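Topology and contacts: notes
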Amino acid sequence: MIYLDHAAATPVSSKVFEAMKPYFSDEFFNPSAAYLPAKKVASEYEAAKGVIAHAIGAKASDLIMTAGATEANNLAFSAALFGDCLYLATEHDSVRKVADRHYSKEIIVDKNGRLVLDDLKAKMTDNVGLISIALVNNELGTIQPLSEVAAYIREVRADRLARGILQPLYLHSDASQALNLLNVNVARLGVDLLTLNAAKVYGPKGVGALYVSHNIKLLPIFVGGGQERGLRSGTENVPGVIGFAKAVEEAEKHKNGNRKKYAKWKKILLSQLQGYELINKKHSLDNFIVLCYIGIDAERLVFLLEDRGVCVSTGAACAANKGLRSHVLAAIGLSDSEINGSLRLTLGETNDESQIHEAARLINEVVAIERGRNA
Ligand code: PLP
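All of these numbers come straight from a predicted model, not from anything done at the bench.

What counts and what doesn't
- Residues numbered from 1 in each chain as written.
- Predicted model: local features only at pLDDT ≥ 70, side-chain atom pairs only at ≥ 80, totals over all residues.
- Heavy atoms only, no water.
- Axes fitted to C-alpha atoms, helices over the stretch in contact; angles between N-to-C directions.
- Helix = DSSP H or I, 4+ residues; strand = E, 2+ residues; numbered from the N terminus.
- Parallel < 35°, antiparallel > 145°, perpendicular 65-115°, else oblique.
- Left-handed = near helix turned anticlockwise from the far one by under 90°.
- Contact = heavy atoms within 4.5 Å.
- Nonpolar A, V, L, I, M, F, W, Y, C, P; charged D, E, K, R; others polar.
- Phe/Tyr/Trp six-rings, centres within 6.5 Å; stacked < 30°, edge-to-face > 60°.
- Buried < 20%, exposed > 50% of the residue type's maximum accessible area, 1.4 Å probe, protein only.
- Pairing = 2+ DSSP bridges.
- Near = heavy atom within 4 Å.
- Polar contact = N/O pair within 3.5 Å; in protein donor to acceptor, adjacent residues only side chain to side chain.

Moving on, we get to the packing of helix α9 (residues 298–307) against helix α13 (residues 353–374). It is at 10 Å that the axes of α9 and α13 come closest, and there the two elements cross at 130°. In terms of orientation, α9 lies oblique with respect to α13. Relative to α13, α9 is oriented so that their crossing is right-handed. Contacts between α9 and α13 involve R300, L301, L304 and L305 from the first element and L362, I363, V366, V367, E370 and R373 from the second. Among the residues forming the contact of α9 with α13, the class breakdown is seven nonpolar, no polar and three charged.

See below:
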């Protein structure tokens, strides 16, 4: 199989799996229990949180561990309990749908999927409490200029303070797709809340975290035993968090080399593929390639490629699975026929260079078949 859908899921690496294993069996203890073996597990759990936090320039106590990025995004929006929200038109549904529970507006993006800062400024009011902008978009790989937004937010805060307006304003970013290849630092980005996702960094699925900077009041989604500072009750997922930490450690070691490798493979693909238009031309992460084959139904390409052992996607896995038109591709101004012809390839650690050549050959083959069918 040639797997080119690493934005949808990454396999748990063998190092991560090995690190997790003892915590399913010998080290199974509940970290809240009073006896010594449980206390040891509790301290290893905290140390793992410390590793994850360190990677983003934070402390273990700044992280609320969750069952994935969807939960972390939902929790982040509780910071704006009484405020309005702004979010990017290209956000993942786990942001869009929770934002819909608030008075919220979308910020438009340009044809590369980058936020239009002037639009954000035009939509800013004294009631806005939260702005949510993913650091890397999951369909295009677009990297957002978050520090520019953070600088603007600082101006808005100062202005509110001068006018005696008490509504706090926070910047949230979903960094699910970013941690694998980018250096993510909360202070440098200027974010107050940051979502992390183990499943996109060769860690386990259903494990994530929300970084919460000091003084932000959140309303827990789950109440109960009071774990994670009372913000996420439920017995800790010790193997999951240990695995997440190991995955983060590995990503830190390899991200620079991997970025270079994926950039090289992207070049190879783009030079060998035929008859496409590249959609994500600028500001996109090196492992994302979004192609448009005008006049071709990309869903058919996905099935034909699957027959040949190549896994690709037409967009976000969850939307593609429901046959929904991509709101991301619509937001960057693609027409319906361009959206229908769009294919997303995301490179990753399961690939090698020979697979890249073979994938290009097979994609060209199925595109030629479809063009012949339509002729
Ligand atoms: N946010 C982004 C940017 C994603 O890519 C995903 C998953 O595809 C999610 C959130 C949701 O993650 P999960 O399904 O692990 O909760």
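Moving on from the model shown.
Attention shifts here to the packing of aromatic side chains. Summed over the entire model, instances satisfying the criterion amount to three aromatic pairs. Residues F29 and Y35 carry aromatic rings whose centres are separated by 6.2 Å and whose planes lie at 75° to one another, so their mutual orientation is edge-to-face. Overall, the relative accessible area of 19% leaves F29 in the buried class. By relative accessible area, Y35 is classed as partly exposed at 46%. Between Y262 and W265, the aromatic rings sit 5.8 Å apart at their centres with planes inclined by 55°, giving tilted as the arrangement. Note that Y262 and W265 are positioned in helix α8 (residues 238–272) at a spacing of three residues, about one turn of the helix. Pair check on accessibility: Y262 and W265 agree, each one buried. Aromatic rings pair up to connect F28, F29 and Y35 into one cluster.

Okay, the pairing of strand β7 (residues 193–197) next. In terms of residue burial, β7 counts as a mostly covered element, since five of its five residues are buried. Of the two faces of β7, both are covered, the one formed by L193, T195 and N197 as well as the one formed by L194 and L196. Bridge analysis of strand β6 (residues 170–174) against β7 gives three bridges, and the strand direction is parallel. Across the sheet, residue S173 finds its bridge partner in β7, namely L194. Taken together, the five bridges between β7 and strand β8 (residues 208–212) define a ladder with antiparallel strand orientation. Pairing of L194 across the sheet is with Y211, part of β8.

The environment of the ligand is made up of G68, A69, T70, N73, H92, S94, N138, D174, S176, Q177, N197 and K200. Within the side chain of Q177, a nitrogen or oxygen atom sits 2.9 Å from an oxygen atom of the ligand. Counting residues per element, the shell around the ligand draws most heavily on helix α3 (residues 69–76), which supplies three residues.

A separate point is the environment of T346. Along the chain, the position of T346 falls in strand β12 (residues 342–346). It is 9.7 Å that separates the C-alpha atoms of T346 and L285, two residues lying 61 residues apart in sequence. Residues within four places of T346 in sequence aside, it is in contact with L4, D5, H6, A7, N287 and F288.

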